[in-house]
Amino acid sequence: TSIFKHYSYCIMHNHYLKLGSAPQNGNPFICLILPFIGFKNTATIPLVCKKHPLVSIRGFSLIELIVAMTIAGILIAVAAPSMSGFVSSNRLAAQVNDLIADINLSRSEAIKQNATAGVCKTAVGGASCVTAGTWANGWMVYATVGTVTTVIKTHEPLSGSNTLTASFDAVVYAKSGLLSSPTGVSNVITLCDPKMKKTRVLTLLTTGRPTLSEGTC
């Protein structure tokens, strides 16, 4: 009852203790402004209701934003050329690998089917051999058994500005797997990236195996 009377007296007379003063009558929370709660700047942790808590919510200043955007711009300017070269190099490698895979496929089909098979250039989106245009428009793998020619696989036109050139229109394998056509000394297909000025040169040996080398264009 004495604690209740003392608390009532404090409320009626607005007689609260100041910060740092000792509690009255050994009652630690009586006549304090609800200790630890509601102070603008508490002298005691846990900092409840402090005006500026430990974790503040604030955004970026204009200067910080400008600095961050400047650094990002510099990094992009440095990385962009390297990324472009990386993409072009990967595209060049992927395209020549596709051609090698299709040439090897035609050779394998010739041996497997005991027939004539090969790779020839086609028109854009075409599925028949042509003599006009370039290899960059696309090519197809075929096999001829008797008088029947079967299209095994077609390849779409090359992406980018890469060129694919050769002095012949088709690569033909005999049923033995040996190269039947072309019959020249230098049976070369050249893939060129004009931006990088790099080439992949595919040479067809008489044994039927293609070999790859690098160069410039």
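See the structure above.
Here we summarise the structure given alongside this text.

Reading the values: rules and limits
Residues numbered from 1 in each chain as written. Predicted model: local features only at pLDDT ≥ 70, side-chain atom pairs only at ≥ 80, totals over all residues. Heavy atoms only, no water. Core = buried A, V, L, I, M, F, W, Y, C linked by side-chain atoms within 4.5 Å. Buried < 20%, exposed > 50% of the residue type's maximum accessible area, 1.4 Å probe, protein only. Helix = DSSP H or I, 4+ residues; strand = E, 2+ residues; numbered from the N terminus. Contact = heavy atoms within 4.5 Å. Pairing = 2+ DSSP bridges. Axes fitted to C-alpha atoms, helices over the stretch in contact; angles between N-to-C directions.

Turning next to the nonpolar core. Ranked by internal contacts, the top residues of the largest apolar core, which has 23 residues, are Ile 103, Leu 164, Val 171 and Ile 189. Those elements giving two or more residues to this core turn out to be helix H2 (62-113), strand E1 (116-121), strand E2 (139-145), strand E5 (170-173), strand E7 (188-193) and strand E8 (198-204). Here the element with the most residues in this core is H2; it accounts for six residues. Sequence-distant contacts of Ile 103, that is, excluding residues within four places in its chain, are made with Val 119, Tyr 173, Ile 189, Leu 202, Leu 204 and Pro 210. In terms of nonpolar packing, the next biggest core, distinct from the first, is built from five residues, Met 140, Tyr 142, Ala 170 and Val 172 among them.

To continue, consider the sheet that holds strand E4 (residues 163-166). Spatial strand order, E4-E7-E8-E9: four strands in an open sheet with antiparallel pairing. Single-partner strands in this sheet number two, and they are E4 and strand E9 (210-216). For this sheet, the mean angle separating the axes of adjacent strands, direction not counted, is 20°.

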